Amino acid sequence: MAPPMIDPALFDQLRASIEEDTAVRKELEQIVDELNQDVSFTQGILSKIHSTPRSKYPTLLPQIEQGIQKEISSIARLSSFASKYPYYKYNHRYARTLQDAISTLLLTAWLGSPSFSPTPNVPGHLLTLEDVGRVLQAPVNLKSGRDDDVFHVTIEDYLLGLISVVDDLSRLAMNSVTLGDAALAVQISSFIKDLHAGFQILNLKNDILRKRVDSIKYAVKKAEDIVYDLSLRNLIPKKEGEAGGAERTEETA
Amino acid sequence: MSGYKRDWKGNEKRRDGPKPPPKQNLVQNQYTPMFETIRAELDEHHDRRERIVKISRDITALSKKIIFSLQRVRKIDPTLPKNIQSEIDTRLSEIAKLLAALAPEVQGINRHRYARSLMCLEELAEALTFAHYLRTQTLIGPADLNLVVQDLTRQGAAPSASEDTVMTDDGPTPAPAPAPAPAPDSAPDSAPAPASASSLPAVVDLTQEDYLYGVFDLTGEMMRFATTSTALSGTMGMAAGAGAGAEGNEEPRTIVADMHELGSFFEMLPVGAGNKFQWNKKLDVTRQSVRKVERLGYDRTIRGSERPKGWVPDLSGVGDVEEEE
């Protein structure tokens, strides 16, 4: 007699592996939820930069760093869990959150965070992908072949995180003027322009990265408009980077 | 004022035409080197994806052709008609070469990275499961199917000469060896890889999704097969082999029963968490296929005896004509 259509063992085997997959996703979701909370908390404190004059950064930055430390420990949990499975099988479940975490880290460091920037309390330093990996204690840019298939920070994660920073900085440029810190606005503008030039070097395909990169030009324009407004009124301080807004602070006062 | 040329509408004409925008290397700043490194990395990624997509498209096309060939089979039998078998063998050896070219691109971490560009494997799974069904009237398991694909890859990597062994795997053997079955994909392939590392280390692995979605599509092919073979021969392509007397008291097993079994099989499986939407869509199509085959079974029971027995346009076995009943 003919063998059965379906080997009876097959069903159990498939069911078991589908159930395992579901269980992995559930656990992952929990971890990502926690990370998400840390990220939005950090983003919350970080949003205070828009209303904090630069002289108060030394007190604000350590608070932000606490949030980032939480992110780091959540990412460590995520890393050790996700490394058990093929990275690209599940990474879309947390890529967005991870990118947000990276962007908080990049922005905080750029602002001169004492723990993450080599230039404490002096804004303007951009962490590289490798720096990010070092802070997050994760490998970066793993590729095929001999690399292990484990949790890591991809180039895309870094770039997408960086684009969020650009967006945030263009907002900060405006608010820093309001706070009487024209020098910061000028510095931001030139930073954004540099990054924009950098992104222009890339050969992008029609994907999410391309779409987000396209948004940078609006940030550039926003920052340039601010600089234009400042220069029109002769508000740009002669020397950059020191005690900003030297000429006029009465705008807000 | 007068220095401008004008076109027929009176608009100023640019003297030297549009200047090519001097884009790259125009701006050099401290971040330029970083972005140049990134560009190289991204280009590598995009190029690889492009190569994979191309190969994938070819494999899909060939798999579809195999399925078309298989649809010309009229009955389930351990040996496929010669002309069809040779068509399939040709296609499979082409696929084997493509798989061999694909294999190094999708090792390790890249297997899932480019999973979405590898839809061809679903199609290939569909073709292979269908061929297996037509020969054995059973569903091949994922582990065994994976072995078939790995073998194909190795044959494609080997310098030809092995075309005759393509797909000569078990004909009448029952759904084979459950022994390798419980092992997940990772175990069997990691072992031989370093062993034969010298010439052909890389093989393409099917994921469970490839398998399951391939089998989903298999139900559609079975439906089509049942329909054509009923229409043309009035027999639903029953297994003629197995020695069970053709019109014995009980026929071996009908496609209707197989479809029911597959249908329940999928209904009982938990929904794959990965892509519920796609899963449900496929499940819906499967349900419809089951219904259609049910209907066929009904028709044949009611009206089967009224069918004129006689000329059967069995286009498949031109070479080796075998009579039914």
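The structure displayed is predicted, hence computed values, not measured ones.

(A) How the structure looks around the overall build of chain A. Helix and strand counts for chain A come out as nine helices and zero strands. Counting from the amino terminus, chain A carries its helices and strands in the arrangement α-α-α-α-α-α-α-α-α. Put simply, chain A has 253 residues, and 51% of those count as buried. For chain A, the proportion of contacts with a sequence separation of at least 24, taken over those separated by at least 6, is 71%. Counting only carbon and sulfur atoms, one obtains 51% of the accessible surface of chain A, whose full area is about 11,700 Å².

(B) Inspection of the nonpolar core at higher detail. Of all hydrophobic cores here, the largest spans 83 residues; its most connected members are Tyr158(A), Leu159(A) and Phe35(B). The greatest single-element share of this core, amounting to twelve residues, is contributed by helix H6 (residues 155-178) of chain A. Inspection of this core shows a minimum of three residues originating in each of domain 1 (19-153) and domain 2 (156-253) of chain A. Ignoring any residue separated from it by four or fewer positions in sequence, one finds Phe35(B) in contact with Leu159(A), Leu162(A), Leu195(A), Gly198(A), Phe199(A), Ile201(A) and Leu202(A).

(C) View of the interface of chain B and chain A. Taken residue by residue, the interface counts 54 residues in chain B and 50 residues in chain A. Carbon and sulfur atoms supply 67% of the area that chain B and chain A bury against each other, a total of about 4,600 Å² over both sides. In terms of surface lost to chain A, no three residues of chain B exceed Tyr31(B), Phe35(B) and Ile109(B), which account for 16% of the buried area on that side. One salt bridge connects Arg113(B) with Glu156(A), and the closest N-O pair in it is separated by 3.7 Å. Here chain B is connected to chain A by eight residue pairs in polar contact (both at pLDDT 80 or more). Mapped onto the side of chain B that touches chain A, the elements with two or more residues apiece are helix H1 (32-70), helix H3 (110-113), helix H8 (208-233) and helix H9 (255-268) of chain B. Counting residues per element, the side of chain B that touches chain A draws most heavily on H1(B), at 15 residues. Tallied by class, residues from the side of chain B that touches chain A come to 26 nonpolar, 15 polar and 13 charged.

(D) Representation of the pattern of salt bridges. As enumerated under the stated definition, the model contains 27 salt bridges over all chains in all. Here Glu267(B) and Arg287(B) are joined by a salt bridge, their closest N and O atoms 2.7 Å apart. With Glu267(B) in helix H9 and Arg287(B) in helix H10 (residues 276-303), this residue pair connects regions lying 20 residues apart in the sequence. Residue class for Glu267(B) comes out partly exposed when judged on its relative accessible area of 40%. The partly exposed category is assigned to Arg287(B), whose relative accessible area is 32%. What emerges from the salt-bridge pattern is a single network uniting Lys143(A), Glu41(B), Glu44(B), Arg48(B), Arg51(B) and Glu105(B).

(E) Quick peek at the packing of H8(B) against H9(B). All names here are of chain B. As a packed pair, H8 and H9 sit with axes 11 Å apart at the nearest point and diverge in direction by 155°. Put simply, H8 runs roughly antiparallel to H9. The two elements H8 and H9 cross, and the hand of that crossing is left-handed. Contact with H8, carried on its side by Leu212, Val215, Phe216, Leu218, Thr219, Met222, Met223, Phe225 and Ala226, involves Ile255, Asp258, Met259, Leu262 and Phe266 of H9 and no other residues of that element. Considered class by class, the residues forming the contact of H8 with H9 number twelve nonpolar, one polar and one charged.

(F) Summary view of unusual backbone geometry. Of note in the backbone geometry, Asn121(A) takes a positive phi value of approximately 65° without being a glycine. On the accessibility criterion, Asn121(A) (39% relative accessible area) is partly exposed.

(G) Molecular detail of the packing of aromatic side chains. Overall, the coordinates contain 17 aromatic pairs over all chains when judged by the stated rule. Ring geometry for Phe81(A) and Tyr85(A): centres 5.5 Å apart, planes at 55°, overall tilted. In this structure, Phe81(A) and Tyr85(A) share a single accessibility class: buried. With a centroid separation of 6.1 Å and an interplanar angle of 75°, the aromatic rings of Tyr213(B) and Trp279(B) are classed as edge-to-face. Residue Tyr213(B) is found in helix H8, and its partner Trp279(B) is found in helix H10; the two are separated by 66 residues along the sequence. By relative accessible area, which is 6% here, Tyr213(B) ends up buried. Cluster of aromatic residues (ring-pair linked, three or more members): Phe11(A), Tyr213(B), Phe216(B), Phe265(B), Phe266(B) and Trp279(B). Here the guanidinium or amino end of Lys70(A) rests over the ring plane of Phe41(A), the centre of that ring lying 4.7 Å away.

(H) How the structure looks around the packing of helix H4 (residues 95-110) of chain A against H6(A). Residue and element names in this part refer to chain A. Where H4 meets H6, the axes come as close as 8 Å, and the angle between the chain directions of the two elements is 55°. For the element pair H4 / H6, the angle class is oblique. The element H4 and its partner H6 pack so that their crossing is right-handed. Taking contact as the criterion, the partners of Ala95, Leu98, Gln99, Ile102, Ser103, Leu106, Leu107 and Trp110 in H4 are, on H6, Asp157, Tyr158, Leu160, Gly161, Leu162, Ser164, Val165, Asp168 and Leu169. Residue composition of the contact of H4 with H6, by class: eleven nonpolar, four polar and two charged.

(I) Structural context of the confidence of the model for chain A. Averaged over all residues, the pLDDT of chain A is 90; the fraction at 70 or higher stands at 92%. For the stretch residues 240-253 of chain A, pLDDT sits under 50, and the model shows 24 contacts to residues farther than four places along the chain or on other chains.

(J) Main features of the side chain of Ser63(B). Locating Ser63(B) in the fold gives a position in helix H1. Dropping the residues within four chain positions of it, Ser63(B) is found in contact with Ile95(B), Glu123(B), Leu124(B) and Ala127(B).

The rules behind the values
Residues numbered from 1 in each chain as written. Chains lettered and ligands numbered in written order. Predicted model: local features only at pLDDT ≥ 70, side-chain atom pairs only at ≥ 80, totals over all residues. Heavy atoms only, no water. Helix = DSSP H or I, 4+ residues; strand = E, 2+ residues; numbered from the N terminus. Buried < 20%, exposed > 50% of the residue type's maximum accessible area, 1.4 Å probe, protein only. Contact = heavy atoms within 4.5 Å. Areas by Shrake-Rupley, 256 points an atom, 1.4 Å probe, with all protein chains shown as cover. Core = buried A, V, L, I, M, F, W, Y, C linked by side-chain atoms within 4.5 Å. Domains from an automatic or database assignment. Buried area = accessible area lost by both parts, 1.4 Å probe. Salt bridge = Lys/Arg side-chain N within 4 Å of Asp/Glu carboxyl O. Polar contact = N/O pair within 3.5 Å; in protein donor to acceptor, adjacent residues only side chain to side chain. Nonpolar A, V, L, I, M, F, W, Y, C, P; charged D, E, K, R; others polar. Axes fitted to C-alpha atoms, helices over the stretch in contact; angles between N-to-C directions. Parallel < 35°, antiparallel > 145°, perpendicular 65-115°, else oblique. Left-handed = near helix turned anticlockwise from the far one by under 90°. Phe/Tyr/Trp six-rings, centres within 6.5 Å; stacked < 30°, edge-to-face > 60°. Lys NZ or Arg CZ within 6 Å of the ring centre and 35° of its normal. pLDDT = per-residue confidence, 0-100.

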